[in-house]
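Here are the chains, one letter per residue:
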Amino acid sequence: MTDITAPRHDWTRQEIDDLLKRPFHELLYLAHTVHRQNFDPNDIQISMLISIKTGACPEDCKYCPQSGHYTTGVDKERLMKVEKVIEEARKAKAAGATRFCMGAAWKHPTTRDWPYVIEMIKGVRALGMETCMTLGQLNEDQAHALADAGLDYYNHNIDTSPEYYSSIITTRRFEDRLDTLANVRKAGMKVCCGGIVGMGESAFDRAGFLQQLANLDEHPESVPINMLVKVKGTPLEDVEDIDPIEFIRVIATARILMPHSRVRLAAGRAQMTDELQAMAFFAGANSIFYGEKLLTAGNAATEHDMKLLERLGMRGVPHHEAFDDDTLDLAIEQSIASQRFADIATDAAAN
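Residues numbered from 1 in each chain as written. Predicted model: local features only at pLDDT ≥ 70, side-chain atom pairs only at ≥ 80, totals over all residues. Heavy atoms only, no water.

Caption draft 1: Fine view of helix α4 (residues 114-125). Taking 1.5 Å per residue as the helical rise, α4 with its 12 residues ought to reach 16 Å, and the 17 Å between its terminal C-alpha atoms agrees with that figure. Every buried residue of α4 is accounted for by Trp114, Val117, Ile118, Met120, Ile121, Gly123 and Val124. Looking at the buried side of α4, the elements it contacts are β1 (43-53), α3 (82-94), β2 (99-104), β3 (130-134) and α5 (140-149). (Helix = DSSP H or I, 4+ residues; strand = E, 2+ residues; numbered from the N terminus. Expected span 1.5 Å × (residues − 1). Buried < 20%, exposed > 50% of the residue type's maximum accessible area, 1.4 Å probe, protein only. Contact = heavy atoms within 4.5 Å.)

Caption draft 2: Expanded view of unusual backbone geometry. Although it is not a glycine, Asp159 sits at a positive phi angle of roughly 75 degrees. Here Asp159 is to be found in the loop between β4 (153-155) and α6 (162-168). Under the relative-accessibility criterion, Asp159 is labelled buried at 2%.

Caption draft 3: Here's a closer look at the environment of Ile118. One can find Ile118 in helix α4. Looking at Ile118, the relative accessible area reads 12%, which means it is buried. With 33 residues separating them along the chain, Ile118 and Leu151 place their C-alpha atoms 8.8 Å apart. Those residues in contact with Ile118, other than ones at most four positions away along the chain, are Ala145, Leu146 and Ala149.

Caption draft 4: Layout of the pattern of salt bridges. Per the stated rule, a full pass over the model turns up 25 salt bridges. Here Arg13 makes a salt bridge to Glu163, at a shortest N to O gap of 2.6 Å. Residue Arg13 is located in helix α1 (residues 13-20), and its partner Glu163 is located in helix α6; the two are separated by 150 residues in the primary sequence. A salt bridge links Asp159 to Arg177; its shortest N-O distance comes to 3.3 Å. With Asp159 in the loop between β4 and α6 and Arg177 in helix α7 (residues 174-186), this pair connects stretches of sequence that are 18 residues apart. (Salt bridge = Lys/Arg side-chain N within 4 Å of Asp/Glu carboxyl O.)

Caption draft 5: Up close: the nonpolar core. By size, the foremost hydrophobic cluster in this structure holds 93 residues, and its most contacted members are Ile52, Tyr63, Phe100, Met133, Leu135, Leu146 and Phe247. Element by element, the count of residues in this core is highest for helix α9 (residues 244-257), at eight residues. If we skip the residues at most four places from it in the chain, Phe100 touches Met48, Ile50, Val85, Glu88, Ala89, Ala92, Val124, Met129, Glu130, Thr131 and Cys132. If you look at the next biggest cluster of nonpolar residues, it comprises seven residues, including Leu49, Cys101, Tyr153 and Phe289. (Core = buried A, V, L, I, M, F, W, Y, C linked by side-chain atoms within 4.5 Å.)

Coordinates in, geometry out; function isn't part of it.
Rendered as structure tokens:
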């Protein structure tokens, strides 16, 4: 095999499938080696995700409780008020998050709500936090407008392999997702792009999913790997659970393929044991969503997350960026809070 530490954009599916099938401890060793060469293995980037517009989505994604095609008990809610979003961002920052992610259940942004979306970005950035949004498909003009407002990241997951995609979604083409990612890059924003495992796909589909990400012209800066959260009322509510070892294989392979990306342990953590999460961190995951809800799904309890990171000797990574004077003061406060957390984690590891 060629040098595993050098970023590549020409992976074959067979190469990736071979990686996924390597003896487990050998795969973990390779992934952790790459991880240590590119990151401090005890650092973890902490994001918080909220739903700014919930339910009644016209897409038919078979995993999603917000799809208007299924009856899942999720209440339909209009776009959240800008002031409420900023208030939630302040709470997230106080809890240790450095990136604030906002998701809307849209096929694409609406003209009526667009001005409020722009104000949300500006308001959250004024707090000294990184900003991320997921609003569905974007054309070039929309992507440039978000970039001009200061949006740091745009999330648009490809979900699965191109071949399995139509088994999960029929209201949007796989190519549409790639077009949105290209528009985000053209606008100069960073990309957050990953997918979901455990939707009944094959191991070869997982290789195809990872191949699509790894062979983008630029690797996504953030790669969320979600374990399916089965929701009653969706077509996937009774799908067989993925083997946790197979899930870790996906995390480890993502780390090897995209050595400079933040691999995020995303949805499904509420169902994971501490030991499984620790193994995922060892395999190269170095980002999590913080908070007890991810859009409409439950997430690991905040207090439990803090204790787990302390037990593992891990620490949240402060966000460093140049701001104006007022925002810089807020950023300094965040850095001090993060340092206090790092001191606590260090003490816990020493004991």
